[in-house]
Amino acid sequence: MKLPKFQLYTKIFIGLLLGLVFGILASQFGFSVFVTVYIKPIGSIFIRLISMIVVPLVFASLLVGTASLNDIRKLGRIGTKTIAYYLCTTAIAITIGLLLVNTFKPGEALSPQTRTRLEQAGRTEADKQIEAIKKPKITDTLLQIVPTNPVKAFTEGKMLQIIFFAIMLGIALTVVPDDRAQPVINFFDTLNDAMIQVVHIIMKLAPYGVFALIAAVVGDFGLDILPLLLKYALVVIAGLILHAAVTYSLAIKTFSKLKIAAFYRGIRPAQLIAFSSGSSSATLPVTMECAEKNLGVSREVSSFALPLGATINMDGTALYQAVSAVFIAQVLIWIWVSPAS
């Protein structure tokens, strides 16, 4: 009997479901330590493998993409449109989160016992974070984009500084004579191709890595906390689904000729990796491959827009933080006004 051949995203989804079931069993039957010691490292290795190629892939692809434009004005147009789009989608995501959390008020739905538990568990950590908060100045934020030491930016993985340096070097190569610039461009183009091949190799391990990541998370924490925070979780999930289904679908319909169903089919591998890893940067190599291979996005666009988006455009995080901030405020307001407090 010949076994059916599954697409990669199907294998990843199967790994995700099996990891969820295995994690629940580990939590219920008391072998979560086994999962932590022997299963979780597999997921950690998978994340480290993907993270390993982020910096060289972003730098090489962005440099080659910038240098191949041969027109600074074209780069400016792409950059302006990209940043404007990111700002708009982030604002929409935050708005959706605020509307949902103020409509359904998940912080007011918690029982008094749960509120007290959350307050006791989070007060110490919250106090530390409040003390550490320092509102950055806009000028300081802008200055941090420009690296004083590019090598240090590479070693510390500071993506905005790496992106800035790659763009500057790519622009410089456009004004260097072709016979001198081409060997450098060819080197980084070959490096970019090599990194893509490394992505292909790593993605063969994706189903096992996803299984390990999900099993470890569910095995460690279990599902006991979910009923306590179910309304809060549902508000966040509903906001994410609404943003993806409405905002992104309208953007695709308005700005491209791509069919909406084809878009979501094309990004499935990246979405599954993002869901299991919880990291935009770790998912970036897969996102770039999906954009170029499945959606037909040119390398010059994907190499600029996607690394920038993984750094400054996190709609899901923005929506989640908007919901979380109001949710915590709702909980704290109850604690402060409660007669028992």
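Criteria and cut-off values
- Residues numbered from 1 in each chain as written.
- Predicted model: local features only at pLDDT ≥ 70, side-chain atom pairs only at ≥ 80, totals over all residues.
- Heavy atoms only, no water.
- Helix = DSSP H or I, 4+ residues; strand = E, 2+ residues; numbered from the N terminus.
- Buried < 20%, exposed > 50% of the residue type's maximum accessible area, 1.4 Å probe, protein only.
- Areas by Shrake-Rupley, 256 points an atom, 1.4 Å probe, with all protein chains shown as cover.
- Polar contact = N/O pair within 3.5 Å; in protein donor to acceptor, adjacent residues only side chain to side chain.
- Contact = heavy atoms within 4.5 Å.
- Bend = angle between axes of the 7 residues up to and from the residue.
- Axes fitted to C-alpha atoms, helices over the stretch in contact; angles between N-to-C directions.
- Parallel < 35°, antiparallel > 145°, perpendicular 65-115°, else oblique.
- Left-handed = near helix turned anticlockwise from the far one by under 90°.
- Core = buried A, V, L, I, M, F, W, Y, C linked by side-chain atoms within 4.5 Å.
- Patch = residues over 30% accessible without salt bridge, like charges linked within 9 Å, V, L, I, M, F, W, Y side chains within 5 Å.
- Salt bridge = Lys/Arg side-chain N within 4 Å of Asp/Glu carboxyl O.
- Expected span 1.5 Å × (residues − 1).
- Arc of directions from axis to C-beta.
- pLDDT = per-residue confidence, 0-100.

### A word on the overall build of the protein chain
Moving on, step 1. Looking only at helices and strands, the protein chain features 16 helices and zero strands.
Moving on, step 2. Looking at the protein chain residue by residue over its 341 residues, the buried ones come to 36%.
Moving on, step 3. Summed over its atoms, the accessible surface of the protein chain is roughly 20,200 Å², and 68% of this surface lies on carbon and sulfur atoms.

### Topic: the side chain of S249
Moving on, step 1. Within the secondary structure, S249 sits in helix 11 (residues 230-255).
Moving on, step 2. Looking at S249, the relative accessible area reads 10%, which means it is buried.
Moving on, step 3. Among the polar contacts listed, one links the side chain of S249 to the backbone oxygen of A245, at a separation of 2.5 Å.
Moving on, step 4. Discounting residues that sit within four places of it in the chain, S249 has contacts with A244, I260 and Y264.

### Describing helix 14 (residues 280-294)
Moving on, step 1. Within helix 14, the axis deviates most sharply at V286, by approximately 35°.
Moving on, step 2. Buried residues of helix 14: A282, T283, L284, P285, V286, M288, E289, C290 and A291, and no others.
Moving on, step 3. Contact partners of the buried residues in helix 14: helix 2 (32-69), helix 8 (178-203), helix 12 (260-266), helix 13 (268-277) and helix 15 (299-312).
Moving on, step 4. After helix 14 finishes, the residue G296 shows a positive phi value of roughly 75°.

### So, the packing of helix 14 against helix 15
Moving on, step 1. Interhelical geometry of helix 14 versus helix 15 gives an angle of 155° and a closest axis separation of 10 Å. In terms of axis orientation, helix 14 runs roughly antiparallel to helix 15. Crossing angle aside, the handedness with which helix 14 passes helix 15 is right-handed. Across the interface between the two elements, S280, S281, L284, T287, M288, A291 and E292 from helix 14 touch R299, S302, S303, L306, P307 and A310 from helix 15.

### Examining the environment of R48
Moving on, step 1. In this structure, R48 sits in helix 2.
Moving on, step 2. Its relative accessible area of 65% is what places R48 among the exposed residues.

### A short note on the packing of helix 1 (residues 8-29) against helix 13
Moving on, step 1. Viewed as axis vectors pointing N to C, helix 1 and helix 13 meet at an angle of 25°, and their least axial separation amounts to 9 Å. The angle between helix 1 and helix 13 places the two elements in the roughly parallel class. Here the hand of the crossing between helix 1 and helix 13 comes out left-handed. Between helix 1, through Y9, I12, F13 and L16, and helix 13, the contact on the second element is made entirely by R268, P269, L272, I273 and F275.

### Focus: the nonpolar core
Moving on, step 1. Core analysis: the largest hydrophobic core is formed by 51 residues, its most contacted members being I12, F46, M203, I273 and F304.
Moving on, step 2. Per element, the largest residue contribution to this core is 14 residues, and it comes from helix 2.
Moving on, step 3. Counting residues in hydrophobic clusters, the runner-up holds twelve residues, among them A93, I96, L100 and L319.

### Points about the environment of I39
Moving on, step 1. Positionally, I39 belongs in helix 2.
Moving on, step 2. The class for I39 is buried, based on a relative accessible area of 12%.
Moving on, step 3. Apart from the residues lying within four places of it in its own chain, the contact partners of I39 are F22, F34, F211, A212 and A215.

### Let's talk about a nonpolar patch on the surface
Moving on, step 1. Together, V33, F34, V37 and Y38 give the surface a local cluster of nonpolar side chains, amounting to about 420 Å² of exposed area.
Moving on, step 2. Examined against the element boundaries, Y38 turns out to sit in helix 2.

### Brief notes about the pattern of salt bridges
Moving on, step 1. As enumerated under the stated definition, the model contains one salt bridge in all.
Moving on, step 2. Measuring nitrogen to oxygen at the nearest pair gives 3.1 Å for the salt bridge that ties E156 to K158.

### Brief notes about helix 1
Residues separated by three or four positions in an α-helix point in the same direction, a consequence of the helix having 3.6 residues per turn.
Moving on, step 1. Taking 1.5 Å as the rise per residue, helix 1 with 22 residues should run 32 Å; its terminal C-alpha atoms sit 31 Å apart, in good agreement.
Moving on, step 2. Listed as buried for helix 1 are I12, G15, L16, G19, G23 and A26. Angularly, the buried residues of helix 1 cover 105° about the axis, an arc narrow enough to put them on a single face. For helix 1, the exposed residues set more than 90 degrees away from the buried face come down to Q28 and F29.

### As for the confidence of the model for the protein chain
Moving on, step 1. Summary statistics for the protein chain give a mean pLDDT of 81 and a share of 84% for residues scoring 70 or more.
Moving on, step 2. Across residues 129-133 the pLDDT falls below 50, and counting only partners more than four positions away or on other chains, this stretch makes zero contacts in the model.

### Here we look at the environment of V54
Moving on, step 1. Topologically, V54 is positioned in helix 2.
Moving on, step 2. In this structure the C-alpha to C-alpha distance between V54 and L284, which are 230 residues apart in sequence, comes to 7.0 Å.
Moving on, step 3. Apart from the residues within four sequence positions on either side, V54 is in contact with M159, S281, L284 and P285.

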